[in-house]
Amino acid sequence: MANALTDKLSRIVKEMRGQARITEGNVADMLREVRMALLEADVALPVVRDFIARVKDKALGQAVVGSLTPGQALVGVVNRELAATMGEVDESGALKGPADINLAAQPPAVILMAGLQGAGKTTTTAKLARHLITKRKKKVLTVSGDVYRPAAIEQLKTVTAQAGAEWFPSTPDQKPSDIARAALDYAKKHYFDVLLVDTAGRLAIDEALMKEIQDLHAILDPVETLFVVDAMQGQDAVNTAKAFKEALPLTGIVLTKMDGDSRGGAALSVRAVTGAPIKFAGVSEKIDGLEVFDAERHAGRVLG
Ligand code: GDP
(Lines give C-alpha, C1' and ligand atoms only; values in the text may rest on other atoms or scores of the structure.)
Protein backbone atom coordinates (compact mmCIF):
# COMPACT_ATOMS: atom_id res chain seq x y z
CA MET A 1 0.00 0.00 0.00
CA ALA A 2 2.78 2.37 0.99
CA ASN A 3 4.65 1.71 -2.23
CA ALA A 4 1.53 2.17 -4.29
CA LEU A 5 1.12 5.60 -2.76
CA THR A 6 4.68 6.63 -3.44
CA ASP A 7 4.19 5.44 -7.02
CA LYS A 8 1.05 7.49 -7.38
CA LEU A 9 2.69 10.59 -5.96
CA SER A 10 5.66 10.27 -8.26
CA ARG A 11 3.35 9.77 -11.26
CA ILE A 12 1.59 12.99 -10.38
CA VAL A 13 4.92 14.67 -9.81
CA LYS A 14 5.82 13.65 -13.38
CA GLU A 15 2.50 14.80 -14.80
CA MET A 16 2.98 18.20 -13.20
CA ARG A 17 6.36 18.62 -14.87
CA GLY A 18 6.63 21.58 -17.19
CA GLN A 19 4.05 23.62 -15.32
CA ALA A 20 5.41 26.74 -13.70
CA ARG A 21 2.96 27.17 -10.84
CA ILE A 22 0.94 25.10 -8.45
CA THR A 23 -2.69 25.78 -9.41
CA GLU A 24 -6.16 24.57 -8.33
CA GLY A 25 -6.16 22.39 -11.41
CA ASN A 26 -2.88 20.57 -11.05
CA VAL A 27 -3.03 20.31 -7.25
CA ALA A 28 -6.40 18.56 -6.97
CA ASP A 29 -5.28 15.06 -8.01
CA MET A 30 -2.30 15.12 -5.75
CA LEU A 31 -4.23 16.33 -2.73
CA ARG A 32 -6.73 13.55 -3.32
CA GLU A 33 -3.89 11.04 -3.02
CA VAL A 34 -2.55 12.72 0.10
CA ARG A 35 -6.03 12.66 1.62
CA MET A 36 -6.36 8.94 0.90
CA ALA A 37 -2.93 8.28 2.36
CA LEU A 38 -3.81 10.08 5.59
CA LEU A 39 -7.10 8.24 5.93
CA GLU A 40 -5.31 4.95 5.32
CA ALA A 41 -2.87 5.94 8.05
CA ASP A 42 -5.93 6.25 10.35
CA VAL A 43 -5.83 10.01 10.79
CA ALA A 44 -9.24 11.28 11.96
CA LEU A 45 -11.35 12.79 9.18
CA PRO A 46 -11.72 16.34 10.58
CA VAL A 47 -7.95 16.45 11.09
CA VAL A 48 -7.41 15.31 7.49
CA ARG A 49 -9.78 17.99 6.18
CA ASP A 50 -8.03 20.74 8.11
CA PHE A 51 -4.67 19.52 6.97
CA ILE A 52 -5.60 19.38 3.27
CA ALA A 53 -7.07 22.89 3.49
CA ARG A 54 -3.87 24.24 5.01
CA VAL A 55 -1.65 22.55 2.42
CA LYS A 56 -3.81 23.89 -0.39
CA ASP A 57 -3.63 27.38 1.07
CA LYS A 58 0.13 27.28 1.39
CA ALA A 59 0.76 25.67 -1.98
CA LEU A 60 -1.55 27.57 -4.28
CA GLY A 61 0.09 30.19 -6.41
CA GLN A 62 3.49 29.29 -5.01
CA ALA A 63 6.06 29.90 -7.71
CA VAL A 64 8.19 26.86 -8.33
CA VAL A 65 11.84 27.71 -7.95
CA GLY A 66 15.02 26.24 -9.38
CA SER A 67 14.90 22.80 -10.90
CA LEU A 68 11.85 21.71 -8.91
CA THR A 69 8.70 20.65 -10.71
CA PRO A 70 5.36 21.83 -9.22
CA GLY A 71 4.83 18.22 -8.12
CA GLN A 72 8.08 18.14 -6.19
CA ALA A 73 7.33 21.55 -4.70
CA LEU A 74 3.95 20.30 -3.54
CA VAL A 75 5.45 17.18 -1.96
CA GLY A 76 7.76 19.55 -0.09
CA VAL A 77 4.81 21.61 1.16
CA VAL A 78 2.99 18.43 2.25
CA ASN A 79 5.99 17.10 4.14
CA ARG A 80 6.73 20.40 5.84
CA GLU A 81 3.11 20.84 6.88
CA LEU A 82 2.95 17.27 8.19
CA ALA A 83 6.02 17.82 10.32
CA ALA A 84 4.70 21.19 11.53
CA THR A 85 1.36 19.61 12.45
CA MET A 86 2.95 16.84 14.50
CA GLY A 87 5.85 18.84 15.84
CA GLU A 88 6.35 22.27 17.38
CA VAL A 89 7.01 25.40 15.36
CA ASP A 90 8.43 28.74 16.47
CA GLU A 91 6.92 32.19 15.70
CA SER A 92 8.44 32.20 12.23
CA GLY A 93 6.80 28.86 11.45
CA ALA A 94 10.11 26.96 11.51
CA LEU A 95 10.12 23.49 13.04
CA LYS A 96 11.70 23.33 16.49
CA GLY A 97 13.79 20.36 17.56
CA PRO A 98 12.25 17.46 19.47
CA ALA A 99 11.03 18.35 22.99
CA ASP A 100 12.43 16.47 25.97
CA ILE A 101 10.89 16.24 29.44
CA ASN A 102 10.55 19.49 31.33
CA LEU A 103 12.14 19.24 34.75
CA ALA A 104 12.02 22.92 35.65
CA ALA A 105 10.48 22.55 39.07
CA GLN A 106 11.55 22.55 42.69
CA PRO A 107 12.77 18.93 43.08
CA PRO A 108 11.27 16.45 43.03
CA ALA A 109 9.86 17.24 39.59
CA VAL A 110 6.67 15.17 39.41
CA ILE A 111 5.60 13.47 36.20
CA LEU A 112 2.05 12.12 36.11
CA MET A 113 1.30 9.34 33.62
CA ALA A 114 -2.25 9.18 32.23
CA GLY A 115 -3.94 6.90 29.71
CA LEU A 116 -6.13 3.86 29.17
CA GLN A 117 -5.25 0.39 30.42
CA GLY A 118 -2.95 -1.35 27.99
CA ALA A 119 -1.74 1.92 26.44
CA GLY A 120 1.73 1.27 27.80
CA LYS A 121 1.80 3.52 30.88
CA THR A 122 3.71 1.21 33.18
CA THR A 123 6.25 0.23 30.53
CA THR A 124 6.68 3.89 29.56
CA THR A 125 7.10 4.95 33.20
CA ALA A 126 10.10 2.63 33.48
CA LYS A 127 11.48 3.65 30.08
CA LEU A 128 11.24 7.29 31.11
CA ALA A 129 13.00 6.51 34.37
CA ARG A 130 15.78 4.90 32.35
CA HIS A 131 15.92 7.89 29.99
CA LEU A 132 16.14 10.35 32.88
CA ILE A 133 18.85 8.32 34.62
CA THR A 134 21.06 7.72 31.58
CA LYS A 135 20.53 10.92 29.55
CA ARG A 136 19.79 13.48 32.25
CA LYS A 137 21.68 11.95 35.20
CA LYS A 138 18.70 12.20 37.53
CA LYS A 139 17.82 10.32 40.69
CA VAL A 140 14.40 8.82 39.96
CA LEU A 141 11.62 7.35 42.13
CA THR A 142 8.56 5.57 40.71
CA VAL A 143 5.24 4.80 42.36
CA SER A 144 2.05 3.10 41.22
CA GLY A 145 -1.39 4.44 42.08
CA ASP A 146 -3.10 1.49 40.42
CA VAL A 147 -4.77 0.00 43.48
CA TYR A 148 -7.24 -1.97 41.38
CA ARG A 149 -4.69 -4.33 39.87
CA PRO A 150 -2.09 -5.69 42.29
CA ALA A 151 -0.30 -7.12 39.24
CA ALA A 152 0.19 -3.59 37.93
CA ILE A 153 1.99 -2.55 41.11
CA GLU A 154 4.23 -5.61 40.89
CA GLN A 155 4.85 -4.93 37.17
CA LEU A 156 6.05 -1.41 37.99
CA LYS A 157 8.34 -2.81 40.69
CA THR A 158 9.90 -5.22 38.18
CA VAL A 159 10.42 -2.73 35.38
CA THR A 160 11.66 -0.04 37.75
CA ALA A 161 14.41 -2.43 38.85
CA GLN A 162 15.31 -2.97 35.18
CA ALA A 163 15.53 0.80 34.77
CA GLY A 164 17.86 1.12 37.74
CA ALA A 165 15.47 3.49 39.52
CA GLU A 166 13.94 3.20 42.98
CA TRP A 167 10.37 1.97 43.47
CA PHE A 168 8.10 3.29 46.23
CA PRO A 169 5.82 0.53 47.57
CA SER A 170 2.05 0.82 47.43
CA THR A 171 -0.72 -1.70 48.17
CA PRO A 172 -4.28 -2.26 46.88
CA ASP A 173 -5.83 -1.35 50.26
CA GLN A 174 -4.48 2.21 50.09
CA LYS A 175 -6.17 5.23 48.54
CA PRO A 176 -4.33 6.59 45.46
CA SER A 177 -4.28 10.06 47.04
CA ASP A 178 -2.57 8.70 50.19
CA ILE A 179 -0.04 6.84 48.06
CA ALA A 180 0.71 10.03 46.15
CA ARG A 181 1.26 12.07 49.33
CA ALA A 182 3.48 9.41 50.88
CA ALA A 183 5.60 9.02 47.73
CA LEU A 184 6.01 12.78 47.38
CA ASP A 185 7.04 13.07 51.00
CA TYR A 186 9.57 10.24 50.62
CA ALA A 187 10.96 11.75 47.40
CA LYS A 188 11.50 15.09 49.14
CA LYS A 189 13.15 13.58 52.21
CA HIS A 190 15.51 11.47 50.11
CA TYR A 191 16.42 14.16 47.58
CA PHE A 192 15.01 12.55 44.46
CA ASP A 193 15.15 14.75 41.37
CA VAL A 194 12.10 13.15 39.74
CA LEU A 195 9.00 11.28 40.93
CA LEU A 196 7.22 9.30 38.22
CA VAL A 197 3.60 8.47 39.10
CA ASP A 198 1.95 5.61 37.23
CA THR A 199 -1.85 5.67 37.47
CA ALA A 200 -4.75 3.28 37.07
CA GLY A 201 -6.13 2.91 33.59
CA ARG A 202 -9.49 1.52 32.58
CA LEU A 203 -10.52 -0.25 29.43
CA ALA A 204 -12.65 2.73 28.50
CA ILE A 205 -13.09 6.28 29.74
CA ASP A 206 -15.10 6.52 32.93
CA GLU A 207 -15.88 9.37 35.27
CA ALA A 208 -14.50 7.79 38.42
CA LEU A 209 -11.16 7.28 36.70
CA MET A 210 -11.02 10.88 35.55
CA LYS A 211 -11.98 12.20 38.99
CA GLU A 212 -9.28 10.10 40.60
CA ILE A 213 -6.53 11.31 38.29
CA GLN A 214 -7.72 14.91 38.68
CA ASP A 215 -7.36 14.52 42.45
CA LEU A 216 -3.86 13.12 41.98
CA HIS A 217 -3.02 16.08 39.77
CA ALA A 218 -4.20 18.51 42.45
CA ILE A 219 -2.15 16.80 45.16
CA LEU A 220 1.03 16.33 43.13
CA ASP A 221 1.11 19.55 41.08
CA PRO A 222 3.14 17.78 38.37
CA VAL A 223 5.50 19.66 36.05
CA GLU A 224 4.57 17.19 33.31
CA THR A 225 1.23 15.41 32.79
CA LEU A 226 1.86 12.93 30.01
CA PHE A 227 -0.90 11.28 28.03
CA VAL A 228 0.22 7.80 26.97
CA VAL A 229 -1.56 6.48 23.90
CA ASP A 230 -1.20 3.40 21.74
CA ALA A 231 -0.35 4.38 18.14
CA MET A 232 -2.16 1.25 16.96
CA GLN A 233 -5.42 2.64 18.35
CA GLY A 234 -5.89 4.69 15.20
CA GLN A 235 -9.22 6.50 15.07
CA ASP A 236 -10.15 5.59 18.66
CA ALA A 237 -7.16 7.55 19.90
CA VAL A 238 -9.04 10.77 19.14
CA ASN A 239 -11.89 10.15 21.57
CA THR A 240 -9.54 8.98 24.29
CA ALA A 241 -7.35 12.04 23.77
CA LYS A 242 -10.38 14.37 23.94
CA ALA A 243 -11.54 12.89 27.23
CA PHE A 244 -8.11 13.16 28.85
CA LYS A 245 -7.58 16.68 27.52
CA GLU A 246 -10.88 17.78 29.06
CA ALA A 247 -9.96 16.24 32.40
CA LEU A 248 -6.31 17.28 32.71
CA PRO A 249 -3.92 20.04 31.61
CA LEU A 250 -1.80 17.72 29.46
CA THR A 251 1.77 18.88 28.88
CA GLY A 252 2.88 16.12 26.52
CA ILE A 253 2.06 12.94 24.67
CA VAL A 254 3.85 9.61 24.48
CA LEU A 255 2.90 7.50 21.47
CA THR A 256 3.59 3.86 22.21
CA LYS A 257 3.90 0.79 19.98
CA MET A 258 5.32 2.76 17.08
CA ASP A 259 7.22 -0.40 16.19
CA GLY A 260 3.87 -1.92 15.17
CA ASP A 261 2.65 -1.87 11.60
CA SER A 262 0.44 1.20 11.97
CA ARG A 263 1.49 4.18 9.90
CA GLY A 264 1.27 6.33 13.00
CA GLY A 265 -1.55 8.58 11.86
CA ALA A 266 -2.66 8.81 15.49
CA ALA A 267 0.22 11.24 15.94
CA LEU A 268 -1.53 13.85 13.81
CA SER A 269 -4.94 13.32 15.37
CA VAL A 270 -3.81 13.29 18.97
CA ARG A 271 -1.59 16.32 18.51
CA ALA A 272 -4.47 18.20 16.87
CA VAL A 273 -7.03 17.26 19.52
CA THR A 274 -4.90 17.94 22.61
CA GLY A 275 -2.65 20.74 21.41
CA ALA A 276 0.06 19.09 23.54
CA PRO A 277 3.48 18.29 22.06
CA ILE A 278 4.35 14.69 21.25
CA LYS A 279 7.45 14.15 23.37
CA PHE A 280 8.31 10.47 23.02
CA ALA A 281 7.69 7.43 20.86
CA GLY A 282 7.73 3.91 22.26
CA VAL A 283 9.51 1.66 19.79
CA SER A 284 9.82 -1.71 21.57
CA GLU A 285 8.79 -3.54 24.71
CA LYS A 286 12.31 -3.21 26.09
CA ILE A 287 13.46 -0.76 28.72
CA ASP A 288 15.49 1.27 26.22
CA GLY A 289 12.69 1.30 23.61
CA LEU A 290 11.84 4.98 23.95
CA GLU A 291 12.86 7.72 21.54
CA VAL A 292 12.48 11.46 21.70
CA PHE A 293 9.79 12.11 19.07
CA ASP A 294 11.08 13.49 15.80
CA ALA A 295 8.26 15.01 13.75
CA GLU A 296 10.30 15.40 10.58
CA ARG A 297 11.27 11.74 10.53
CA HIS A 298 7.74 10.64 11.32
CA ALA A 299 6.21 12.67 8.48
CA GLY A 300 7.62 10.32 5.87
CA ARG A 301 6.16 7.29 7.60
CA VAL A 302 2.64 8.71 7.79
CA LEU A 303 2.57 9.42 4.06
CA GLY A 304 3.78 5.91 3.35
P1 GDP B 1 -0.58 -0.01 30.90
O2 GDP B 1 -1.78 -0.86 31.21
O3 GDP B 1 -0.98 1.28 30.25
O4 GDP B 1 0.31 0.20 32.08
O5 GDP B 1 0.25 -0.80 29.80
P6 GDP B 1 1.58 -1.68 29.92
O7 GDP B 1 2.75 -0.83 30.21
O8 GDP B 1 1.33 -2.83 30.82
O9 GDP B 1 1.75 -2.17 28.40
C10 GDP B 1 0.80 -3.02 27.78
C11 GDP B 1 1.53 -3.91 26.79
O12 GDP B 1 2.07 -3.13 25.74
C13 GDP B 1 2.70 -4.66 27.41
O14 GDP B 1 2.71 -5.96 26.89
C15 GDP B 1 3.91 -3.86 26.95
O16 GDP B 1 5.07 -4.66 26.85
C17 GDP B 1 3.45 -3.39 25.58
N18 GDP B 1 4.13 -2.15 25.15
C19 GDP B 1 4.20 -0.95 25.79
N20 GDP B 1 4.88 -0.06 25.06
C21 GDP B 1 5.26 -0.69 23.92
C22 GDP B 1 6.00 -0.28 22.74
O23 GDP B 1 6.43 0.88 22.57
N24 GDP B 1 6.19 -1.23 21.79
C25 GDP B 1 5.71 -2.51 21.92
N26 GDP B 1 5.92 -3.38 20.94
N27 GDP B 1 5.00 -2.91 23.00
C28 GDP B 1 4.79 -2.02 23.99
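Residues numbered from 1 in each chain as written. Predicted model: local features only at pLDDT ≥ 70, side-chain atom pairs only at ≥ 80, totals over all residues. Heavy atoms only, no water.

Student: Quick rundown of the pattern of salt bridges? Include the residues and the values.
Tutor: Following the criterion strictly, the structure yields 12 salt bridges and no others. For E88, the salt bridge goes to R271, with nearest N and O atoms at 3.1 Å. In this pair, E88 sits in the loop between helix 4 (70–86) and strand 1 (109–114) while R271 sits in helix 10 (residues 266–274), placing the two residues 183 residues apart along the sequence. Among the residues examined, E88 registers a relative accessible area of 21% and is labelled partly exposed. Overlapping salt bridges, with partners in common, bring together R54, K58 and E81 in one network. (Salt bridge = Lys/Arg side-chain N within 4 Å of Asp/Glu carboxyl O. Helix = DSSP H or I, 4+ residues; strand = E, 2+ residues; numbered from the N terminus. Buried < 20%, exposed > 50% of the residue type's maximum accessible area, 1.4 Å probe, protein only.)

Student: Go over helix 5 (residues 121–134) with me, naming the residues and quoting the values.
Tutor: In an α-helix, one full turn covers 3.6 residues, which means residues spaced three or four apart are oriented alike. Here helix 5 contains 14 residues, and its C-alpha end-to-end distance of 20 Å stays within 8% of the 20 Å for a straight helix at 1.5 Å per residue. Counting buried positions along helix 5 gives 10 out of 14 residues, so the element sits mostly inside the fold. All buried positions along helix 5 are accounted for by K121, T122, T124, T125, A126, K127, L128, A129, H131 and L132. (Expected span 1.5 Å × (residues − 1).)

Student: For the site of the ligand, give the residues involved together with the corresponding values.
Tutor: Within the structure, the ligand sits among 17 residues, and G118, K121, T123, D259 and E285 are positioned closest to it. Here K121 contributes a backbone N or O atom positioned 2.7 Å from an oxygen atom of the ligand. In this structure, an oxygen atom belonging to the ligand sits 2.8 Å away from a side-chain N or O atom of T122. Within the complex, the protein chains bury 80% of what would otherwise be the 580 Å² of accessible surface of the ligand. Assessed atom by atom at 2 Å from the grid points, the ligand resides in the largest pocket. Among the elements that line the shell around the ligand, the one with the most residues is helix 5, at 4 residues. (Near = heavy atom within 4 Å. Polar contact = N/O pair within 3.5 Å; in protein donor to acceptor, adjacent residues only side chain to side chain. Areas by Shrake-Rupley, 256 points an atom, 1.4 Å probe, with all protein chains shown as cover. 1 Å grid on protein atoms, 1.4 Å probe; cavity = no way out; pocket = protein on both sides within 12 Å on 5 of 7 lines; lining within 4 Å. Sits in = over half its atoms within 2 Å of the grid points.)

Student: Before we move on, can you summarise the environment of K96 with the specific residues and values?
Tutor: Among the secondary structure elements, K96 is positioned in the loop between helix 4 and strand 1. On the accessibility criterion, K96 (47% relative accessible area) is partly exposed. Separated by 198 residues in the primary sequence, K96 and D294 have C-alpha atoms spaced 9.9 Å apart. For K96, the residues in contact, after removing those within four places along its chain, are E88, V89 and D90. (Contact = heavy atoms within 4.5 Å.)

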